[in-house]
Amino acid sequence: MSFEHVGGETVWQGRIATVRVERFRHDDGEVVTREVVQHPGAVVMLPFDGERIWFVKQPREAVGRDGFLELPAGKLDTDEDVLELAKRELREEAGKSAAGWQHLHSFHVSPGFTDERIHAYLATDLSDDPAEADEEERIEVVSEPLSRLDEVIRSCEDAKTLVTLLWFRAFVL
């Protein structure tokens, strides 16, 4: 089963994403049309000090939630180094820096309609290192003991956080 891209056009472009209508010809000759949300990708960090995992709570207006529990994360800019973004976002969102960095996994968020790919990192050997957050962000930093990991996973509604926590539990602990 193969296909080739045969055309497309941008129908909307915003600060975070671009929406395109793309056409693909499959090996049986049929041409299909797909709406594709193009996103530059993102990074998510699991800050772990050996006893606690550090999270952020922030409003997520798109889903109508005041305090959505998530791991710190950030959107890539064009040609930005993923690890450098992770380090900067950890400082800006959680007020931490890490001496140890381990790439856990990279994954597509929802490949049925978007090309967004997230790169997950484990951040260890933490120290306090606050940086100024984006002026539009309203972030509360919280931590949970490792002993509550299963409870946090059960209550998690954020895909990037859930995938990263499950990967951490399955392959790191």
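Throughout what follows, the structure given in this document is the object of discussion. Computed from a predicted structure; not experimentally measured. (Residues numbered from 1 in each chain as written. Predicted model: local features only at pLDDT ≥ 70, side-chain atom pairs only at ≥ 80, totals over all residues. Heavy atoms only, no water.)

## Regarding the nonpolar core
- Counting residues in each nonpolar core, the largest one holds 19 residues, and the members touching the most others are Leu 46, Ile 53, Phe 55, Leu 71, Leu 165 and Phe 168.
- In contact with Leu 71, not counting residues within four places along its chain, are Val 44, Met 45, Leu 46, Pro 47, Ile 53, Trp 54, Phe 55, Val 56, Lys 160, Thr 161, Thr 164 and Leu 165.
- By size, the runner-up hydrophobic cluster in this structure holds eleven residues, among which are Leu 76, Ala 86, Leu 90 and Ala 94. (Core = buried A, V, L, I, M, F, W, Y, C linked by side-chain atoms within 4.5 Å. Buried < 20%, exposed > 50% of the residue type's maximum accessible area, 1.4 Å probe, protein only. Contact = heavy atoms within 4.5 Å.)

## Describing the packing of aromatic side chains
- Following the criterion strictly, the structure yields four aromatic pairs and no others.
- Seen in terms of ring centroids, Trp 101 and Tyr 121 are 6.2 Å apart; in terms of plane orientation they differ by 75°. Their pairing is edge-to-face. With a gap of 20 residues between them, Trp 101 in strand 8 (residues 96–108) and Tyr 121 in strand 9 (residues 117–128) connect regions that are remote in the sequence.
- Positioned above the aromatic ring of Trp 54, the side-chain terminus of Lys 96 is 4.2 Å from the ring centre. (Phe/Tyr/Trp six-rings, centres within 6.5 Å; stacked < 30°, edge-to-face > 60°. Helix = DSSP H or I, 4+ residues; strand = E, 2+ residues; numbered from the N terminus. Lys NZ or Arg CZ within 6 Å of the ring centre and 35° of its normal.)

## Focus: the sheet that holds strand 5 (residues 52–60)
- Strands sit in the order 6-5-10 across an open sheet of three strands; the sheet is antiparallel. A single partner strand is all that each edge strand has here, and the edge strands are strand 6 (65–70) and strand 10 (140–145). Taken pair by pair, the neighbouring strands of this sheet meet at an average axis angle of 35°, ignoring direction.
- Sheet analysis places strand 5 next to strand 6, joined by four bridges and oriented antiparallel. Pairing of Val 56 across the sheet is with Glu 70, part of strand 6. (Pairing = 2+ DSSP bridges. Axes fitted to C-alpha atoms, helices over the stretch in contact; angles between N-to-C directions.)

## Section: the layout of surface pockets
- Considered as a void within the structure, the largest pocket measures approximately 1,500 Å³ in volume.
- What lines the largest pocket is a set of 38 residues, among which Ile 16, His 39, Arg 60, Glu 70 and Lys 75 lie closest to the centre.
- Of all the secondary-structure elements, those providing two or more residues to the lining of the largest pocket are strand 5, strand 6, strand 7 (73–75), helix 1 (82–94) and helix 3 (159–171).
- Residue classes in the lining of the largest pocket are distributed as 16 nonpolar, five polar and 17 charged. (1 Å grid on protein atoms, 1.4 Å probe; cavity = no way out; pocket = protein on both sides within 12 Å on 5 of 7 lines; lining within 4 Å. Points joined across faces, edges and corners; volume = space filled by probe spheres on them. Nonpolar A, V, L, I, M, F, W, Y, C, P; charged D, E, K, R; others polar.)

None of the figures reported here should be taken as evidence of function without further support.
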